[in-house]
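So you can see what is in the structure, the chains are spelled out below.
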Amino acid sequence: MSTRDHAGRADRARRPAPWVRTRLRAAPPAVLLGAALAFGLVLLAAALPRALDRGADSALRGYLRDAGPAATSLLVSAPARPGQDSPASLDTALATLRGRVGSAFRLDPSGPVHGARALHPRSLSNPELARPETVPPQLGLYFLPAAGDHVRLVEGQWPAGGTADGPIPVALAAEAAETLGARVGTVLVAPSSVGIPLRAEVVGLYRAGDPTEDYWTGLSCLTEACLSLTNVLPAESFWTTAGLVGPESVDRLLDWGVRAEVFWRLPLDPAGMRADRLAGTGAELASFVTGPRAAELASATGRSELRIASDLPDLLTRAQARRSAAAPLTAVGPAGVAGVALVVLCLAAGLTADRRAGELQLLRARGGSRVGILGRLLGEGAVTVLPAAAAATLLAFVLLPAPRWTAALLGALATTLLALLALPVRAAVLLAAPRQAGGRRRVVAELAVLAATVAAVTEVRRRGVAPPGEGLDPLLVAAPLLLALTGALLLARLQPVLVGALARAAGRGPGAIGFLGLARAARGTGARPGTPVLPLLALLLAVTTAGFGATVLDAVDHSRLRVARLAVGGDAAVAAPVRGTLPEAFTRAAAGLPGVRTATALWTDDDIALPAAGPDRATVVVADPAGYAELARTVGHGRFDPALLAGAVPGAPVPALVSADLAGSLGPAAFPLRLAGGTEFLATVVGVVDGTPARPNATKALIVLPTGPTALRVPAVGLPNRWYATGSVEDAPLRALVRDTVAPPEPPAGARPAPAARRAPAGPTVLTSAAMTAKLGADPLQHAAGRLFQASVAGAAGLALLAVLLTLVRSAPERAALLARLRTMGLRPRQGLALILAETLPQTLVAAVGGMLLALAAVALLGPAVDLTSLVGAAVPAGLRPAALPVLTQALGLAALVSAGVLAEAVVSGRRQITTELRAGDSR
């Protein structure tokens, strides 16, 4: 070996080892825990914005899909041009429209629908056709070039040919032909205003492959005959259907419908809509409907009278308003998680800095510069944090794919920066020149926090959620966090006093374990005795966030149930068809259904004549006073004292409850009342009601009469026509009972029975609050808000537990030394465990109670500014009331979780630490 090799090896031996590598090898567990903490927090920071984006997009797309394909389409139409509208011209215009619209929006895979149609159906005078109530059926005509892809011919042939003076060849749906009584070869005759009737010959029958397919949306009655009602009172029913014509008959649509038009329906794909681009999408759609894009389409298709309409701009406006209204409520949970994560970072940095305080001070004493030491700490953090942060960000992007990445990347970068700087900042404080303890500075800081909290809460209560309809309200989001911070500062002042009082009380007892643990909890541990604020803040943030969110969701559930009950009239309702009644067999059996708490049957009519002194017509409800009063009390609408209607005496005027408008016009004197069937009697006003569950929208011209053994038996009333119940009534058993016991009404005279699958709905109406509540709660926006709340609660609880465990680890050496000394004096292991719990659990319990009180306070202070309409799914009064049960559930759950973590930490690490101390001795 050469001399140069020996010299190089000697130089390398004398060269100091790299600082970062040496420090990382010195404490591998601490390095791994730091990397795991950075990984978890960065993953949470990157995943949360993407989860929010995915939830918002999913809610928007679900909302648009629920609106149906007709509402999410561009409807393009133009007047028909005789002699120019051939299938080729319609296809060419379709290709042009698809190219122009498809360049701006994604079209739905179901494909467009185009063709021509007669704008007005014709009444058919054929005497052999079905007439439910003497009104002749009507027929409309369509030309659909692509209809053959969606139907199959079952009889006859497709319309083709035809002469100008002969019948129009037409194909009908087989179901419609069966309902009307038409067949292949039937010539349908339609009277004309010029005296010469129009004729159409049925040459074929077809059946749709899937009548519910999106293709048939907006194409009225092409797959079946529809039962319609006339516009003239009394309304009469008649059949309406439509048929398909061939390309040779397109020009004759103008004669049949008085006017005709060609049309193209371009369905837009809701999957291409994004919540963050609602404003731009709405502006682009407006340009297609009435702006320059519409003029371009008219010019490109060569149709100057081209009209474009769509309900989608209004839908997007409502979706934006719903998203903006829900944004403040859905942001409270993530803000709480972010606050707890910041506390955990500060605690972890404090723990590491305290553990290495001696090392840092030694380096400083040996001439190390403060900047150099902090730079080396920053290098250690970079090696540990940056790979973990990069892996966490990549994992969040892979697990939660979303088109937007800015917010997630910024969140990850901010969290990474905090994780990198937390330890150097804490070390800079330790290495700074010691200053005199500033109790006055702490008081000033606490007063500043209190002032900010009062200002935020006052402003939110004064102006409500602001800016209205513009999305996130920073004050409403920050106010609960400021309340938690103020509560943590207050509890840090009060906890030593409260726990000290408990310690003095325990000191008067026979044992010393409780007194010693509570005394240490009151005094605090570590270099700076006193109650640490950061663990308290973590617990309070978690409990306050969870309690506030749970109260919101509980209020949403209760509001949704109230809305459903008001709409139904109870928890279940069955209404007989017009001029029908409910049999006694049904009312007896329905009262025994599972879940029925109370049930009442009543008779009601909306068309009752009143004397000349009042309105012409009124709504009359005849019901049993006790059952009806219980129903009104449960629903919260039309409450009254049943004793007012309990004094009916035969031969005397019937006691009546009336609405406020009738009470003023009728007066105290008895007034005559005529019911259906001509029955007349006298009634007298005994009270006023504000409505009735039987008619949710009736608040005026309302009369409630009693029925029962002591009340006047009105012959016109007879059997009830409505039934209401309260309780947990399931929808399916009630509908089955109605089918078994209530016979459907007889079909109108002269009507041929329609196929079972196409028969017009008839019979009793069945409603339940459970089904309506489920319908209101099916909104994807509400599901996204609920999932976000659950994720926020879980994240905040886990981070709060981690904060408590970090606090325990920070004080573990001093606690182990104390236990080791006590073990030498005869302390048993169980007593050591009890001592640890007595020292650590008071803070958890105080934080749980304080967080519960803060959550209730946050609801009471901020509740008037909260509007739950967007989450309920229906208009409800603004305001949020405190509810103890959801807050108590969250507080107890978090307290149990943290207590279990404390117990596990004491059991696992306590014995090992004590053994280590007994072997190594006390060096402190």
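Every chain is numbered independently, its residues counted from 1 as its sequence is written. The predicted nature of this model means local features are confined to residues of pLDDT at least 70 and side-chain atom pairs, given and counted, to a pLDDT of 80 or more, with totals for whole chains, interfaces and linings taken over all residues. Only hydrogens and water are removed before side-chain values are computed, so all heavy atoms of the structure are retained for them.

Enquirer: Explanation requested: the overall build of the chain in the structure shown.
Expert: A tally of helices and strands in the chain yields 25 helices and 21 strands. Note on exposure labels: buried denotes an accessible area under 20% of the residue type's maximum, exposed denotes more than 50%, and partly exposed covers the range between, all computed with a 1.4 Å probe on protein chains only. Scored against the burial criterion, the 924 residues of the chain give a buried share of 47%. Excluding contacts between residues fewer than 6 apart, the proportion of contacts in the chain whose partners are at least 24 apart in sequence is 81%. Values of accessible area rely on a 1.4 Å probe in the Shrake-Rupley scheme; residue burial ignores everything except the protein chains shown. Accessible surface, the chain: about 43,900 Å² in total, of which carbon and sulfur atoms supply 61%. Helix and strand definitions follow DSSP, with helices as H or I runs of at least four residues and strands as E runs of at least two, each counted in order from the N terminus. Residue contacts are counted whenever heavy atoms from the two residues lie within 4.5 Å of one another.

Enquirer: Which parts of the structure should I look at to understand the packing of aromatic side chains?
Expert: The geometry of an aromatic ring pair comes down to the distance between the two centres and the angle between the two planes. Aromatic rings from Phe, Tyr and Trp, taking only the six-membered ring of Trp, are treated as a pair when their centres fall within 6.5 Å; an angle between ring planes under 30 degrees marks them as stacked, one over 60 as edge-to-face, and anything in between as tilted. This model, assessed by the stated rule, comprises five aromatic pairs. Relative to phenylalanine 288, the ring of phenylalanine 105 has its centre 5.8 Å away and its plane inclined at 55°; by these criteria the two rings are tilted. Of the two residues, phenylalanine 105 is situated in the loop between α4 (87–102) and β2 (113–118) and phenylalanine 288 in helix α7 (residues 278–290); the sequence distance between them amounts to 183 residues. With relative accessibility at 9%, the residue phenylalanine 105 sits in the buried group. Centroid distance tyrosine 628 to phenylalanine 640: 5.5 Å. Interplanar angle 35°. Geometry classified as tilted. Linking tyrosine 628 in helix α18 (residues 625–635) with phenylalanine 640 in the loop between α18 and β16 (654–658), this pair joins segments that are 12 residues apart in sequence. Across this residue pair, the class does not change: tyrosine 628 and phenylalanine 640 are buried. Arginine 117 extends its terminal NZ or CZ atom over the ring of phenylalanine 263, reaching a point 4.2 Å from the ring centre. Comment: the charge-over-ring label is applied if NZ (Lys) or CZ (Arg) is within 6 Å of the ring centre and within 35 degrees of the ring normal.

Enquirer: In this structure, what is going on with the state of the cysteines? I would like to understand it.
Expert: What makes a disulfide is a covalent bond joining the sulfur atoms belonging to two cysteines. When the sulfur atoms of two cysteines come within 2.5 Å, that pair is taken as a disulfide. Counted under the stated rule, the structure contains one disulfide. Sulfur-sulfur distance for the disulfide between cysteine 221 and cysteine 226 comes to 2.3 Å. The sign of the -130° torsion about the S-S bond sets the cysteine 221-cysteine 226 disulfide as left-handed. Judged by relative accessible area, cysteine 221 falls into the buried class, the value being 14%.

Enquirer: Can you walk me through unusual backbone geometry in this structure?
Expert: Most peptide bonds take the trans form, and the phi angle of most residues other than glycine is negative. The backbone of cysteine 221 shows a phi angle near 60°, a positive value even though the residue is not glycine. Despite not being glycine, valine 258 shows a phi value in the positive range, around 65°. Position of valine 258 relative to the elements: it lies in the loop between α6 (253–256) and β11 (260–267). Taking relative accessible area as the criterion, valine 258 reaches 57% and is therefore assigned exposed.

Enquirer: Before we go on, may I ask you to explain the side chain of threonine 416 in this structure?
Expert: Tracing the backbone through its elements, the reader meets threonine 416 in helix α12 (residues 406–431). Overall, the relative accessible area of 10% leaves threonine 416 in the buried class. Once you skip the residues sitting within four places of it in the chain, threonine 416 turns out to touch Val42, Val385, Leu386 and Ala389.

Enquirer: What am I meant to see in the pattern of salt bridges here?
Expert: Pairing between side chains of opposite charge can happen when their charged atoms approach one another. Any carboxyl oxygen of Asp or Glu within 4 Å of a side-chain nitrogen of Lys or Arg constitutes a salt bridge here. Applying the stated rule across the entire model yields 17 salt bridges. The partner of arginine 303 in a salt bridge is aspartate 85, and the shortest N-O contact between them spans 3.0 Å. Within this pair, whereas arginine 303 is found in the loop between α8 (292–301) and β12 (307–309), its partner aspartate 85 is found in the loop between β1 (73–79) and α4, the two being separated by 218 residues in sequence. Residue classification places aspartate 85 among the buried positions, given a relative accessible area of 6%. Residue arginine 493 pairs with glutamate 446 through a salt bridge whose shortest N-O separation is 3.1 Å. In this pair, arginine 493 sits in helix α14 (residues 474–507) while glutamate 446 sits in helix α13 (residues 439–463), placing the two residues 47 residues apart along the sequence. On the basis of relative accessibility, which here comes to 15%, the residue glutamate 446 falls in the buried class. Linked through salt bridges whose partners overlap, the residues forming this network are Asp53, Asp57, Arg274, Asp276 and Arg404.

Enquirer: How do you make sense of the pairing of strand β13 (residues 572–575) when you look at a structure like this?
Expert: Side-chain positions along a regular strand alternate between the two faces of the sheet. Residues Ala572 and Val574 line one face of β13 and the alternating positions Ala573 and Ala575 line the opposite face, and both faces are buried. Inspection of the sheet shows β13 paired to strand β20 (residues 722–727) by four bridges, in the antiparallel sense. Note on β20: the bridge partner recorded for alanine 572 is alanine 725. Note on pairing: DSSP must find at least two bridges between two strands before they are called paired. Sheet analysis places β13 next to strand β21 (residues 765–768), joined by four bridges and oriented antiparallel. When the bridges of β21 are listed, alanine 575 appears paired with threonine 765.

Enquirer: What should I look at first to understand the side chain of asparagine 126 in this one?
Expert: You can see asparagine 126 is positioned in the loop between β3 (122–123) and β4 (138–143). Sequence-distant contacts of asparagine 126, that is, excluding residues within four places in its chain, are made with Arg131, Thr186, Val187, Leu188 and Val189.

Enquirer: Explain α7 here, please?
Expert: Every α-helix carries 3.6 residues per turn, so stepping three or four residues along brings you back to the same face. The span you would expect from a helix comes to 1.5 Å times its residue count less one. With 13 residues, α7 ought to run about 18 Å at 1.5 Å a step, and its terminal C-alpha atoms sit 18 Å apart, in line with that. By the burial criterion, the buried members of α7 are Leu278, Thr281, Gly282, Leu285, Ser287, Phe288 and Val289. On its buried face, α7 is in contact with α3 (28–67), β1, α4, α8, β12 and α9 (312–355).

Enquirer: Would you explain the confidence of the model for the chain in this entry?
Expert: Detailed reading of the predicted coordinates is not advisable wherever pLDDT falls low. Confidence along the chain averages 80 in pLDDT terms, with 87% of residues attaining 70 or more. pLDDT is a per-residue confidence score from the predictor, ranging from 0 to 100. Confidence drops under a pLDDT of 50 for residues 747–761, and excluding neighbours within four residues, the segment shows 25 contacts in the predicted structure.

Enquirer: For this particular structure, what's the right way to read the environment of proline 672?
Expert: Looking at the secondary structure, you find proline 672 in strand β17 (residues 671–674). Using a relative accessible area of 45% as the deciding quantity, one classes proline 672 as partly exposed. Separated by 12 residues in sequence, proline 672 and threonine 684 place their C-alpha atoms 8.9 Å apart.

Enquirer: Sorry if this is basic, but what is going on with helix α16 (residues 533–568) here?
Expert: Here α16 spans 52 Å end to end across 36 residues, near enough to the 52 Å set by a 1.5 Å rise per residue. Positive backbone phi, at 95°, marks glycine 569, one or two positions downstream of α16.

Enquirer: Just to check I follow, could you spell out the packing of α9 against α14 for this structure?
Expert: A packed helix pair is summarised by two numbers, namely the angle formed by the two axes and the spacing between the axes. To obtain an axis, a line is fitted to C-alpha atoms, over the contacting stretch when the element is a helix, and the angle between two such axes runs from 0 to 180 degrees between their N-to-C directions. Viewed as axis vectors pointing N to C, α9 and α14 meet at an angle of 40°, and their least axial separation amounts to 9 Å. Judged on the interaxial angle alone, α14 and α9 are oblique. For the pair α9 and α14, the crossing hand works out as right-handed. Touching Pro328, Ala331, Val332, Ala335 and Gly336 of α9 are Leu476, Val477, Pro480 and Leu481, all from α14. Here the nonpolar group is Ala, Val, Leu, Ile, Met, Phe, Trp, Tyr, Cys and Pro; Asp, Glu, Lys and Arg are the charged ones; every other residue, Gly included, is treated as polar. Grouping the constituent residues of the contact of α9 with α14 by class yields eight nonpolar, one polar and no charged. Throughout, the term roughly parallel applies to angles under 35 degrees, roughly antiparallel to angles over 145, roughly perpendicular to angles from 65 to 115, and oblique to all others. Helix crossings fall into two classes, left-handed where the near helix is turned counterclockwise from the far one by less than a right angle and right-handed where it is turned clockwise.

Enquirer: I'm lost on the nonpolar core in this one. Help?
Expert: Within soluble globular proteins, side chains that are nonpolar tend to cluster in buried spots. With 77 residues, the main nonpolar core has Val101, Leu144, Leu219, Leu222, Trp256 and Trp264 as its most contacted residues. Ignoring sequence-local partners within four residues, the contact set of leucine 144 consists of His114, Gly115, Tyr215, Trp216, Leu219, Leu222, Leu244 and Phe263. The nonpolar core is taken to be a set of buried Ala, Val, Leu, Ile, Met, Phe, Trp, Tyr and Cys residues, with the residues joined through side-chain atoms within 4.5 Å. Listed in part, the 46 residues of the second largest apolar core include Leu345, Ala484, Leu537 and Val846.

Enquirer: For this particular structure, what's the right way to read the environment of glutamine 843?
Expert: Note that glutamine 843 resides in helix α23 (residues 829–862). When its relative accessible area of 14% is taken as the criterion, glutamine 843 is described as buried. As a C-alpha pair, glutamine 843 and alanine 492 span 351 residues in sequence and 9.5 Å in three-dimensional space. Excluding residues within four positions of it along the chain, glutamine 843 makes contact with Gln495, Pro532, Pro535, Leu536 and Leu539.

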